[in-house]
Amino acid sequence: MRYRLTSMLCCLLFGIVVCGPVSAVDGGLDSDSIERIVGEKDTNKKAALALRVQALTQMAQDRFQQAAPLLEQSLRLDKESSETHFYLGKVYRKLKRLPEAKLHFEEAIRLDPVDVRAYIGLGRVYRQQGEIEAAMVKFEEAIAVDPTSASACVNMGNALLFTHDFERAADMFRKAVVLDPATPSAYLNLGNLYLAAGEW
């Protein structure tokens with residue numbers, strides 16, 4: 001299939017679906033979170049974890065302004081928490097505080113080099129800043145860290161659209177669908193490519 005597409009596809013770039021809101025797994029006080037809080041012996045870490053859970057509840061409701069100070073307070077109590085750095089990066093990205101988001105994603109990667117979410121988050125920051133090549137490097141690293149990550153493939157596909165490499169983008173979306181058939185953004189973006197190519 002050839003993807004020498006017209007300006008119609010360029011218009012579609014503005015409608016790219018990149019990610020959903022914080023999932024139910026990330027937000028709220030679930031049984032695992034309660035067990036971790038109860039089981040934590042270090043009082044500072046216990047308080048930090050409780051604050052992070054509160055922040056995730058706010059994030060699940062798209063209340064990022066309210067989540068930020070909770071995560072900042074959590075990080076003051078447990079500076080080496082890769083999870084808190086990751087979520088602060090996510091919140092700051094949502095609030096368009098991109099330099100701060102970048103720093104926290106980088107720190108999350110330093111503390112936990114196999115956390116694929118942090119690579120994806122950093123790549124999204126670069127893409128928001130218009131640094132598409134740097135974003136693609138991070139998405140490639142994310143795929144290397146976890147070749148089964150559908151999210152990494154979707155984000156790589158989205159970045160490839162901006163470089164007009166439509167064939168590779170389609171390959172990434174197809175791979176995402178195989179890895180996780182419940183990935184709506186992959187279907188939507190792949191469908192948009194087919195429509196723009198007149199092959200639907």
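Residues numbered from 1 in each chain as written. Predicted model: local features only at pLDDT ≥ 70, side-chain atom pairs only at ≥ 80, totals over all residues. Heavy atoms only, no water.

Looking now at the packing of helix H5 (residues 82-94) against helix H7 (residues 116-128). Running from N to C, H5 and H7 point in directions that differ by 25°, and their axes come no closer than 10 Å. Overall, the two elements H5 and H7 adopt an arrangement that is roughly parallel. For the pair H5 and H7, the crossing hand works out as left-handed. Here H5 contributes Glu83, Phe86, Tyr87 and Arg93 to the contact with H7, which in turn contributes Arg117, Ala118, Gly121, Arg124, Val125 and Gln128. Here the contact of H5 with H7 is composed, by residue class, of four nonpolar, two polar and four charged. (Axes fitted to C-alpha atoms, helices over the stretch in contact; angles between N-to-C directions. Helix = DSSP H or I, 4+ residues; strand = E, 2+ residues; numbered from the N terminus. Parallel < 35°, antiparallel > 145°, perpendicular 65-115°, else oblique. Left-handed = near helix turned anticlockwise from the far one by under 90°. Contact = heavy atoms within 4.5 Å. Nonpolar A, V, L, I, M, F, W, Y, C, P; charged D, E, K, R; others polar.)

Moving on, we get to the pattern of salt bridges. For the structure shown, the criterion picks out 10 salt bridges. Between Arg110 and Glu107 there is a salt bridge, with its nearest N and O atoms 2.6 Å apart. Residue Arg110 and its partner Glu107 are both found in helix H6 (residues 98-111); the two are separated by three residues, about one turn of the helix. When its relative accessible area of 22% is taken as the criterion, Glu107 is described as partly exposed. Arg174 serves as the salt-bridge partner of Asp171, at 2.6 Å between the closest nitrogen and oxygen. Here the residue Asp171 and the residue Arg174 both occupy positions in helix H10 (residues 166-179), the gap between them amounting to three residues, near one helical turn. (Salt bridge = Lys/Arg side-chain N within 4 Å of Asp/Glu carboxyl O. Buried < 20%, exposed > 50% of the residue type's maximum accessible area, 1.4 Å probe, protein only.)

Attention shifts here to the packing of aromatic side chains. If you walk through the whole model with that rule in mind, you get two aromatic pairs. Taking the centre distance of 5.0 Å and the plane angle of 65° together, the rings of Phe86 and Tyr87 count as edge-to-face. In terms of burial, Phe86 and Tyr87 fall into one category: buried. Clustering of aromatic rings is evident, with ring pairs tying together Phe86, Tyr87 and Phe105. In this arrangement the basic side chain of Arg117 is found over the ring face of Phe86, its NZ or CZ atom lying 4.1 Å from the centre. (Phe/Tyr/Trp six-rings, centres within 6.5 Å; stacked < 30°, edge-to-face > 60°. Lys NZ or Arg CZ within 6 Å of the ring centre and 35° of its normal.)

For H10, built from 14 residues, the straight-helix expectation of 20 Å at 1.5 Å per residue is met to within 8% by its first-to-last C-alpha distance of 20 Å. Residues of H10 that are buried include every one of Phe166, Ala169, Ala170, Met172, Phe173, Ala176 and Val177, and no others. Each buried residue of H10 lies within a common arc of 160° when the element is viewed along its axis, so the set occupies one face. (Expected span 1.5 Å × (residues − 1). Arc of directions from axis to C-beta.)

Most peptide bonds take the trans configuration, and most residues that are not glycine carry a negative phi. In this model, Lys96 sits at a positive phi of 60°, which is unusual for a non-glycine residue. According to the relative accessible area criterion, Lys96 is exposed, its value standing at 64%. In this model, His164 sits at a positive phi of 65°, which is unusual for a non-glycine residue. Position of His164 among the secondary structure elements: in the loop between helix H9 (150-162) and H10.

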